[in-house]
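# Close look at the chain arrangement
Next come the chains, spelled out residue by residue.
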Amino acid sequence: MARTKTAVGALRHGEEIRQEDPYRGKWLTLSNTTLGMFMVTINSSIMLISLPDIFHGIKLNPLAPNNTNYFLWLLMGYLVVTAVLVVSFGRLGDMFGRVKMYNLGFAVFSFFSIMLAITWLHGGAGALWLISMRIMQGVGGALLFANSSAILTDAFPHDQRGLALGINQIAAIGGSFIGLILGGLLGPIDWRLVFLVSVPFGILGTIWAYFNLHEKGVRTPSRIDWWGNLTFAIGLITLLVGITYGIEPYGGHTMGWSNPRVLAALIGGVIVLVIFGFIETKVVQPMFNLTLFRIRAFAAGNFASLLASLGRGGLMFMLVIWLQGIWLPQHGYSFARTPLWAGIYMLPLSVGFLVAGPISGFLSDHHGARPYATAGMVASGASFLLLELLPANFSYPIFAILLLLNGLAMGLFASPNRAGIMNSLPPSQRGAGSGMVATFQNSAMVLSIGIFFTLIIAGLSGSLPSTMYAGLLAQGVPAGAAFKVAHLPPTGALFSAFLGYNPMQTLLGPVLAHLSPAKVAFLTGRSFFPHLISHAFMSGLREAFTFAAIASLIAAVASWLRGGKYHYNPDDDPDAVVDTSAGVANDSGGAKETALPTLASLETLSMQQRLPFRHHD
């Protein structure tokens, strides 16, 4: 208090006070957060390609009727837990320090990477161990996701945040595609390497973060909103679990959307989330201050991000199935080799993002997010519509160009959109705001996967049974066996193609022993299944691309409605400046504590940034 009074007195007498550059060390901060995003996203995508080797290592057939739950949860559990926890961890970062939460994330992620690699169990027990450790690893990932954007926003001045967040997101996207290739290379050598590859990054990042990252953000001491945290977690978990199980067959149905438990989970999850929203308007210190959505740039940016994630979330899964189940086998690749080559052939998507991300982030620092985010979503919608025009057995150069266009479009959108959202937030709310962005993205990805699979399976269910029945009969498969296989839910064929298994060998199983070697070779060869499934698969895939295009174009409208260039201004928020003994809530990252913005203070934000939307340039 005495120092503050002395400083104020000195200013009154015109004395100069030397202040340390509040953005000193910003590039070291960027390098550490970039390493964190790189590690987390490598680990996420490496699982997509290496699942066959992992299940082989624990001696479990993931496509057996009783084992599909293991497959789904090993694939989706990480996404679910990160979606649920990022807002809470972001709020804890606001309260206790974002760097502390981030450092803890590195340590937790590294520890459970090791625990995943030392699995000694087999069968169902081994799968449960992996799922449990994967969920705990997701806790570490959520700590990193929730606080990295807020730390960068604190560390960089507003005219460089787009570039910094763009580089950070490049690492995230680059890691996701490098993970695809690493999974294809390391999995066949030893499936444990798939998890151990993250450990050196984690150890280096933990030590580096401990010595180089320093708290520069505004801390908001407050009580933990237990009821808000509890209802948010229960509601979102229930909703996402319902979506996950909706993909599975139920009774005589090809999918589980008519399952009473799935319906109860979906409806119940929505009800609990509504209760969460009501609670957050009543508590004095909420987990997430819903009045932040009165800030136009924040609300529009999050809505655009939600729609963009809906459009692209299931894209990678569909591209993997398209390549592994249809295109690669027709071009001479065995089903066992398709996971690695699917990752390689999708590299143009990553290249596009790597090129556009930092450039659009840099430009948005000078011109605002609106023109680049909007153009990115328009281009994304166009790329999805152009993908619809491709045949199942496409020309790869055209396919690569469209993937490059989609990657450029996503990169053009992502960095400016994230920077626009983070720039609009009060310094004391950046952690919770960053967590809400990640929640929208991760939840939308789970929902997108459910939507894409539903559309594909609906397309397959219409014509695949009759086509498969006729094809199997023509190859000498007994009528009873052919009818049974043809009327199995198409989920099994899709999952087997996704896992790099030979679909017909998986579906026919013991029936093959009763056929001639020539028939067996043809049925399990590289042409029978792709030709059989192509027409029905492409029918559903085109519907999925149409959905993605519509979501992208609506996201473009939301991006445009965010308004012009905007940075949070403390002058718009009179409660942001409090008694100097508690610190000053400024945008330089120099203060340590401040009062939590109240409903009244947030309502006084610039009238140009309040809903309903109005132009401001």
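In this text the structure is predicted, and so the values were computed from the model without any measurement. (Residues numbered from 1 in each chain as written. Predicted model: local features only at pLDDT ≥ 70, side-chain atom pairs only at ≥ 80, totals over all residues. Heavy atoms only, no water.)

### Things to note about the overall build of the protein
Note the cut-off: A run of DSSP states H or I qualifies as a helix once it reaches four residues; a run of E qualifies as a strand once it reaches two. Both are numbered from the N-terminal end. Summary of the burial criterion: residues with accessible area below 20% of their type's maximum are buried, those above 50% are exposed, and those between are partly exposed, where the area comes from a 1.4 Å probe applied to protein chains only. The contact criterion used is simple: two residues touch if any of their non-hydrogen atoms lie within 4.5 Å. Residue-level accessible areas treat just the shown protein chains as cover; the underlying method is Shrake-Rupley with a 1.4 Å probe.
Looking only at helices and strands, the protein has 23 helices and 0 strands in total. Relative to its 617 residues, the protein shows a buried fraction of 59%. In the protein, 84% of the contacts between residues at least 6 apart in sequence involve partners at least 24 apart. Carbon and sulfur atoms make up 68% of the accessible area of the protein, which amounts to about 23,700 Å² in all.

### Brief notes about the nonpolar core
Heads up, the condition is: The definition of a nonpolar core used throughout is a set of buried Ala, Val, Leu, Ile, Met, Phe, Trp, Tyr and Cys residues joined through side-chain atoms within 4.5 Å.
Membership of the largest hydrophobic core comes to 146 residues, with the highest contact counts inside it found for Trp 322, Leu 472, Phe 498 and Phe 537. Non-local contacts of Leu 472, meaning those with residues more than four positions away in its chain, are made with Val 477, Ala 482, Val 485, Met 504, Leu 508, Leu 523 and Phe 528. Counting 24 residues, the second-largest nonpolar core is a separate cluster that includes Val 40, Val 99, Leu 143 and Ala 146.

### Section: the packing of helix H3 (residues 68–96) against helix H19 (residues 491–499)
To keep it simple, the criterion reads: Between the N-to-C directions of two axes lies an angle of 0 to 180 degrees, each axis being a line fitted to C-alpha atoms and, for a helix, fitted only over the stretch in contact. If an angle is under 35 degrees, it is roughly parallel; if it is over 145, roughly antiparallel; if it lies from 65 to 115, roughly perpendicular; otherwise it is oblique. Less than a right angle of anticlockwise turn of the near helix away from the far helix marks a crossing as left-handed, whereas a clockwise turn marks it as right-handed. Here the nonpolar group is Ala, Val, Leu, Ile, Met, Phe, Trp, Tyr, Cys and Pro; Asp, Glu, Lys and Arg are the charged ones; every other residue, Gly included, is treated as polar.
Relative orientation of the contacting elements H3 and H19 amounts to 55 degrees, with a least axis distance of 13 Å. Relative to H19, the element H3 lies oblique. Remark: the crossing between H3 and H19 carries left-handed chirality. Residues Phe 71, Leu 72 and Leu 75 of H3 form the contact with H19, whose own contacting residues are Phe 495, Phe 498 and Leu 499. In terms of residue class, the contact of H3 with H19 is built from 6 nonpolar, no polar and no charged.

### Notes on a nonpolar patch on the surface
What counts, and what does not: Patch rule: a residue counts if its relative accessible area is over 30% and it has no salt bridge; like charges are joined within 9 Å, and nonpolar side chains (Val, Leu, Ile, Met, Phe, Trp, Tyr) within 5 Å. Salt bridge, as used here: a side-chain nitrogen of Lys or Arg that lies within 4 Å of a carboxyl oxygen of Asp or Glu.
On the surface, a cluster of nonpolar side chains totalling about 370 Å² of accessible area is made up of Val 351, Val 355, Ile 359, Leu 404 and Leu 408. Looking at the nonpolar patch, the elements that each hand over two or more residues are helix H14 (347–367) and helix H16 (396–423). In terms of residue count, H14 provides more of the nonpolar patch than any other element does, 3 residues in total. Its location among the elements puts Val 351 in helix H14. Given the relative accessible area of 41%, Val 351 is considered partly exposed.

### Focus on the packing of aromatic side chains
Applicable threshold: Only rings of Phe, Tyr and Trp enter the pairing, Trp through its six-membered ring, and a pair is recorded when the two centres are within 6.5 Å. The plane angle decides the type: under 30 degrees is stacked, over 60 is edge-to-face, the rest tilted. For a Lys NZ or an Arg CZ to count as sitting over a ring, it must be within 6 Å of the ring centre and within 35 degrees of the ring normal.
Following the criterion strictly, the structure yields 26 aromatic pairs and no others. Aromatic pair Trp 327 and Phe 394: ring centres 5.0 Å apart, planes at 5 degrees, arrangement stacked. Residue Trp 327 is found in helix H12 (residues 315–330), and its partner Phe 394 is found in the loop between helix H15 (370–388) and H16; the two are separated by 67 residues along the sequence. Relative accessible area serves as the criterion here: at 4%, Trp 327 is assigned to the buried category. Ring geometry for Tyr 333 and Trp 341: centres 5.3 Å apart, planes at 45 degrees, overall tilted. On the accessibility criterion, Trp 341 (26% relative accessible area) is partly exposed. One aromatic cluster is present, formed by Trp 322, Trp 327, Tyr 333, Trp 341, Tyr 345, Phe 384, Phe 394, Tyr 396, Phe 399 and Phe 545 through successive ring pairs. Here Arg 134 stacks its cationic end above the ring of Tyr 78, 4.3 Å away from the centre of that ring. Over the ring of Trp 560 we find Arg 370; its NZ or CZ atom is 4.3 Å from the centre of that ring.

### Notes on the environment of Leu 464
Note that Leu 464 resides in helix H17 (residues 430–474). For the pair Leu 464 and His 487, spaced 23 residues apart in the sequence, the C-alpha separation amounts to 8.6 Å.

### A few points about the side chain of Ser 552
This is how it is decided: Any pair of nitrogen or oxygen atoms within 3.5 Å is treated as a polar contact; in protein, a donor-acceptor pairing is required on top of that, and neighbouring residues in sequence qualify only through side-chain atoms on both sides.
In this structure, Ser 552 sits in helix H22 (residues 528–560). Here the side chain of Ser 552 touches Ser 380 through a polar contact of 3.1 Å, side chain to side chain. Once residues lying within four places of it in the same chain are set aside, the contact partners of Ser 552 are Met 377, Ser 380, Gly 381 and Phe 384.

### Side note on the packing of H3 against helix H9 (residues 226–246)
If you want to describe how two helices pack, look at the angle between their axes and the distance between the axes. With their axes 10 Å apart at the nearest point, H3 and H9 run at an angle of 155 degrees to one another. Considering the angle they form, H3 stands roughly antiparallel to H9. Both H3 and H9 take part in a crossing whose hand is right-handed. On H9, the residues touching Asn 69, Leu 72, Trp 73, Met 76, Val 80, Ala 83, Val 84, Val 87 and Ser 88 of H3 are Asn 229, Phe 232, Ala 233, Leu 236, Ile 237, Leu 240, Val 241, Thr 244 and Tyr 245. Residue composition of the contact of H3 with H9, grouped by class: 14 nonpolar, 4 polar and no charged.

### Quick word on unusual backbone geometry
The backbone of Lys 59 shows a phi angle near 60 degrees, a positive value even though the residue is not glycine. Within the secondary structure layout, Lys 59 lies in the loop between helix H2 (26–57) and H3. Accessibility expressed as a relative area gives 61% for Lys 59, which makes it exposed.

### Brief notes about the pattern of salt bridges
Between side chains of opposite charge, a pair can form as their charged atoms come close. Enumeration over the complete set of coordinates arrives at 1 salt bridge. A salt bridge links Asp 154 to Arg 98; the shortest N-O distance between them is 2.4 Å. Taken together, the residues Asp 154 in helix H5 (residues 123–155) and Arg 98 in helix H4 (residues 98–117) connect sequence positions 56 residues apart.

### Observations concerning H5
Rules: A helix is expected to reach a length of 1.5 Å times the quantity of its residues less one.
Taking 1.5 Å per residue as the helical rise, H5 with its 33 residues ought to reach 48 Å, and the 47 Å between its terminal C-alpha atoms agrees with that figure. Counted residue by residue, H5 has 27 buried out of 33 residues, so it is predominantly covered.

### Notes on the environment of Lys 519
For Lys 519, the location among the structural elements is in helix H21 (residues 517–523). The exposure class of Lys 519 is partly exposed, given its relative accessible area of 30%. A sequence separation of 42 residues divides Lys 519 from Val 477, and the C-alpha atoms of the two residues are 9.0 Å apart.

### Observations concerning H15
Its 19 residues place the ends of H15 28 Å apart at the C-alpha level, agreeing with the 27 Å of an ideal helix rising 1.5 Å per residue. For H15, every residue scored as buried is listed here: Arg 370, Tyr 372, Ala 373, Thr 374, Gly 376, Met 377, Ser 380, Gly 381, Ser 383, Phe 384, Leu 387 and Glu 388. Of the surrounding secondary structure, the elements contacted by the buried residues of H15 are helix H11 (296–312), H12, H14, H16 and H22.

### Some thoughts on the confidence of the model for the protein
Put simply, the test is: Note on scores: pLDDT gives the predictor's confidence for each residue, bounded by 0 and 100.
Residues with a pLDDT of 70 or more make up 86% of the protein, whose mean pLDDT is 78. Here residues 1–18 is modelled with pLDDT under 50, and outside its nearest four sequence neighbours on either side it reaches 7 contacts, counting other chains as well.

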